[in-house]
Amino acid sequence: MSANVRPPTRDGHVLLLLDSEPRRRRFVADWVSTGLDRDEKVFYLRPDEEHPHESLAAQLAEYDLDITPALADGRIELLPVEAFYPSSGWRGQVERALAEGFPAVRMSGEARTTRTHLTAEQHLAVEAEVERLSRELPLSALCQYDGRRVRGPALDEAVVHHPMGVHETLLRTHLDDATLRLEGEVDHTNSRWLAALLRQACAEVGDRGTLTVDLGDLAFLDVSGYRSLLLGSAAFRQSGGLLRLLRPRRRVTSLLSTLFVHYEEGIDLVESGT
Amino acid sequence: MTVVSESRYVHDALFYDSTESLVQTAMPFLSDGIGAGDDVILVCGEENNAALRKALGHDAQVSVLPREEVYRRAPSAVESYRRLMRRRVADGVGRVRLVAEVDFGRVSSQWQEWGRFEAVCNVVLDPYPLWSICAYDTTALSADVLAVGERTHPYVRRGDRRSRNGRFLDPAEFMALSAANTTRGPAPSDPVLSLPDVTDLPIAREVVRDALSGIPSAQTWQDDFLLAINEVITNAVAHGRPPVGVELWATEDGAVCDVTDRGPGFADPFAGYHAPEGVEGARACLGLWMARQLSDELTTSRSARGFTVRLVLNDRSSGRRRLPL
């Protein structure tokens, strides 16, 4: 372990949902690199055996990340699918790595690799366990779904299991301490899952609580996105919860005020400087 | 005098040929309202507002609203009146009496749009205790505009006579006729953007944004117009049939955008005029409502190419962020 190690921090349990392979690889390279910089242990689901040329090292080397030394000294461990999903769950793996002196643990893999190994129900059970562990232990998990294939209710379900963060081509979200930060753009292509995510975030805040949605980095919001904000928080607001929309940019403010968001029950619009 | 329901919208047209005749015809209506404890509002031209105000006496409780603000865009004006009535009802006001003069503009497309405004008011404002008189100056307005007044008001007033209007058309019928007769100027010849087959909404939006930013006058309105275009493209992609085409032209006054798909389009002549409200409203035609709010004209047509929604943005209306009432 290096002497000037950064304090262990967590990216949390994050859903990566990109529709471009180069973008996915770039994101994974950054994510792995961050872990190595922090001296964290990285467990990675070995890429599909049918595509050996797609080794992780080769993928990340395209983005100037050489993981060969980390593979050699065990900071990165590539696990076959059976070992990546042990029947005893992930707690043991994480605790062993922490006992070895790693300040935190990262785990990631492509969901397509698991399709032949786990049923959909088993996969969701793993997601639920990882979500629990990531809140309890210094564990960051990056779940890579194919944004070109996962749609509709399946996508809603995937999002609900990753309330801490979703990284999609158009929109990135991060939930921390009752604040949901939105960065990018919301339109008809992603508003549906935003509503699902918002419902989950509201549920975590609980009845009569306040959920802040930080819009400061949201460059575009269309009507379907507004609809998601309204419908995704409807039950929460009806139960006495408050949805605080924080510091929207000018063009988002324009949409919100045209739609009279300030008249909606349980919504508080806090513009910049106020 | 015809018995008037106190709980529903009553919509009269008043035809006058001088300020004096307007005052003479409108005064009993306004005085009765004040006597009955109704809220009285004037939204006329400056000279007529002043004359009516003077005739009522300066102690009279009358609100005067800025006509040029209220009548900037037809869908916004409908929404302004609806919001005003909601607030008045919530405040316990029994009935509102209004004398107003629509600004029909000088070009054909403008007065046709304001004609639709008059028809739509009959539907959207129907649940509210509003009695309005729309004043038409027979010496200044064209025969076409005066005909619009006759076809969109269930009651007409001339001199001291108020009567049921035999020429009144059912609002849906008026809207259908208006759509069929709408004069659409030819699109300017060279589009600044032509997308024959939109399949990716974010990419299309990015391309439209770039094209709008290349229009010199667009700085003050490009965000709003982009949102309007985005909503219409979204509707076409989600509910229409491919291919979805987009063409954008720069004009002297702003921009024109056509969005065409192969589907049948929407049939409801009032689509996008009913204001969305609360959770239920959010499920309805919110995108079209928004597109109407953020553009000066939204018209539809059917051709061999399919169903086209045309959005027009004029500089003169840009820059407004909130409804005036």
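Residues numbered from 1 in each chain as written. Chains lettered and ligands numbered in written order. Predicted model: local features only at pLDDT ≥ 70, side-chain atom pairs only at ≥ 80, totals over all residues. Heavy atoms only, no water.

Thoughts on the overall build of chain B
Helix and strand counts for chain B stand at 11 helices and 12 strands. Burial statistics for chain B: of 325 residues in total, 58% are counted as buried. Across chain B, the fraction of contacts at a sequence separation of at least 24, relative to all contacts at a separation of at least 6, is 70%. Working note: accessible area of chain B is about 14,000 Å², and carbon and sulfur atoms make up 50% of it. (Helix = DSSP H or I, 4+ residues; strand = E, 2+ residues; numbered from the N terminus. Buried < 20%, exposed > 50% of the residue type's maximum accessible area, 1.4 Å probe, protein only. Contact = heavy atoms within 4.5 Å. Areas by Shrake-Rupley, 256 points an atom, 1.4 Å probe, with all protein chains shown as cover.)

Regarding the packing of aromatic side chains
Summed over the entire model, instances satisfying the criterion amount to 13 aromatic pairs over all chains. Each ring, one from phenylalanine 84 of chain A and one from tyrosine 85 of chain A, has its centre 5.1 Å from the other, and the planes form 80°; the classification is edge-to-face. Taken together, a centroid distance of 6.2 Å and an interplanar angle of 55° make the contact between tyrosine 71 of chain B and tyrosine 81 of chain B tilted. Separated by 10 residues along the polypeptide, tyrosine 71 of chain B in the loop between α3 (67-70) and α4 (74-90) and tyrosine 81 of chain B in helix α4 bring together distant segments of the chain. Taking the relative accessible area as the measure of exposure, tyrosine 71 of chain B reaches 4% and is therefore buried. What makes tyrosine 81 of chain B buried here is its relative accessible area of 4%. What links up through ring pairs into an aromatic cluster is the set Phe43, Phe84, Tyr85 and Trp90 of chain A. A cation sits over an aromatic face here: arginine 162 of chain B above tyrosine 155 of chain B, 3.9 Å from the ring centre. (Phe/Tyr/Trp six-rings, centres within 6.5 Å; stacked < 30°, edge-to-face > 60°. Lys NZ or Arg CZ within 6 Å of the ring centre and 35° of its normal.)

Concerning the sheet that holds strand β4 (residues 96-100) of chain B
All names here are of chain B. Pairing is mixed across the open sheet formed by seven strands, whose spatial order is β3-β2-β4-β5-β1-β6-β7. For this open sheet the edge positions go to β3 (62-64) and β7 (161-164), each flanked by a neighbour on one side alone. On average, each strand axis in the sheet is tilted by 20° relative to the strand beside it, whichever way the strands run. Pairing between strand β2 (residues 39-43) and β4: five bridges, direction parallel. Looking at the pairing, valine 43 lines up with alanine 100 of β4. In the packing of helix α6 (residues 143-152) onto the sheet, contacts are made with β1 (10-16), β5 (130-137) and β6 (155-158), and the angle to β5 comes to roughly 155°. (Pairing = 2+ DSSP bridges. Axes fitted to C-alpha atoms, helices over the stretch in contact; angles between N-to-C directions.)

As for the sheet that holds strand β4 (residues 105-110) of chain A
Two pairing modes exist for strands in a sheet, parallel and antiparallel, and in both the strands are linked by backbone hydrogen bonds. All names here are of chain A. The sheet built from 11 strands is open, its strands ordered β3-β2-β4-β5-β1-β6-β7-β8-β9-β10-β11 with mixed pairing. The open sheet has two edge strands with one neighbour each: β3 (76-79) and β11 (267-270). Across this sheet, the average inter-strand angle for adjacent strands is 15°, counted without regard to direction. The sheet contact formed by strand β10 (residues 242-246) and β11 spans four bridges and is parallel. Among the inter-strand pairings, arginine 244 is bridged to a residue of β11, identified as aspartate 268.

Things to note about the interface of chain A and chain B
Accessible area lost during the coming together of the parts is what is often quoted as the interface size. Counting from both sides, the interface comprises 27 residues of chain A and, opposite them, 32 residues of chain B. Taking both sides of the interface into account, the surface hidden between chain A and chain B amounts to around 2,400 Å²; carbon and sulfur atoms contribute 58%. There are five salt bridges connecting chain A and chain B. Put simply, chain A and chain B have eight residue pairs in polar contact (both at pLDDT 80 or more) between them. For the side of chain A that touches chain B, the secondary structure elements donating two or more residues are β9 (210-221), α10 (223-232), α11 (234-238) and α12 (250-258) of chain A. Counting residues per element, the side of chain A that touches chain B draws most heavily on α12 of chain A, which supplies six residues. Of the residues assigned to the side of chain A that touches chain B, the class counts are 12 nonpolar, six polar and nine charged. (Buried area = accessible area lost by both parts, 1.4 Å probe. Salt bridge = Lys/Arg side-chain N within 4 Å of Asp/Glu carboxyl O. Polar contact = N/O pair within 3.5 Å; in protein donor to acceptor, adjacent residues only side chain to side chain. Nonpolar A, V, L, I, M, F, W, Y, C, P; charged D, E, K, R; others polar.)

Remarks on the pattern of salt bridges
Within the structure shown, the criterion is met by 44 salt bridges over all chains. Notably, a salt bridge pairs arginine 250 of chain A with aspartate 223 of chain B, separated by 2.8 Å at the nearest N-O pair. In this pair, arginine 250 of chain A sits in helix α12 while aspartate 223 of chain B sits in helix α9 (residues 222-239), so the two residues belong to two different chains. Given the relative accessible area of 16%, aspartate 223 of chain B is considered buried. Salt bridges linked by common partners bring Glu21, Arg24, Arg25, Glu62 and Glu110 of chain A together as one network.

Describing helix α8 (residues 152-160) of chain A
An α-helix turns once per 3.6 residues; consequently, residues spaced three or four apart project the same way. Residue and element names in this part refer to chain A. For α8, the full list of buried residues reads Leu155, Asp156, Ala158 and Val159. For α8, the angular spread of buried residues about the axis comes to 165°, placing them on one side. Of the surrounding secondary structure, the elements contacted by the buried residues of α8 are β1 (13-18), β5 (139-146), β6 (165-168) and α9 (191-205). (Arc of directions from axis to C-beta.)

Quick look at the confidence of the model for chain B
All names here are of chain B. Averaged over every residue, the pLDDT of chain B is 89; the share at 70 or more is 90%. The model gives residues 319-324 a pLDDT under 50, and that stretch makes 23 contacts with residues more than four places away or in other chains. Two summary scores accompany this predicted model of the complex, namely pTM at 0.85 and ipTM at 0.84. (pLDDT = per-residue confidence, 0-100.)

Some thoughts on empty space enclosed by the protein
All names here are of chain A. This structure, assessed with the given rule, holds seven cavities of 30 Å³ or more. Here the largest cavity is characterised by a volume of approximately 140 Å³. Surrounding the largest cavity, 18 residues form its lining, Phe84, Tyr85, His123, Glu127 and Cys143 being those nearest its centre. Sorting the residues of the lining of the largest cavity by element identifies β4, α6 (111-114), α7 (120-136) and β5 as the ones contributing at least two each. In terms of residue count, β5 provides more of the lining of the largest cavity than any other element does, five residues in total. (1 Å grid on protein atoms, 1.4 Å probe; cavity = no way out; pocket = protein on both sides within 12 Å on 5 of 7 lines; lining within 4 Å. Points joined across faces, edges and corners; volume = space filled by probe spheres on them.)

As for the environment of leucine 182 of chain A
Residue and element names in this part refer to chain A. Within the secondary structure, leucine 182 sits in strand β8 (residues 179-186). Leucine 182 sits 163 residues away from aspartate 19 along the chain, and the two C-alpha atoms are 19 Å apart. Aside from chain neighbours lying at most four places away, what touches leucine 182 is Leu171, Arg172, Thr173, Leu194, Val213, Asp214, Leu215, Asp217 and Leu218.

Describing the packing of helix α1 (residues 19-36) of chain B against helix α2 (residues 46-56) of chain B
Residues and elements named next belong to chain B. Following both chains from N to C, one finds α1 and α2 inclined at 50°, their axes separated by 9 Å at the closest point. When the axis of α1 is compared with that of α2, the two are oblique. Seen from above, α1 lies across α2 with right-handed handedness. On α2, the residues that touch Thr19, Leu22, Val23, Ala26, Met27, Leu30, Ser31 and Ile34 of α1 are Glu47, Asn48, Ala51, Leu52, Ala55 and Leu56. A breakdown of the residues in the contact of α1 with α2 according to their chemical character gives 10 nonpolar, three polar and one charged. (Parallel < 35°, antiparallel > 145°, perpendicular 65-115°, else oblique. Left-handed = near helix turned anticlockwise from the far one by under 90°.)

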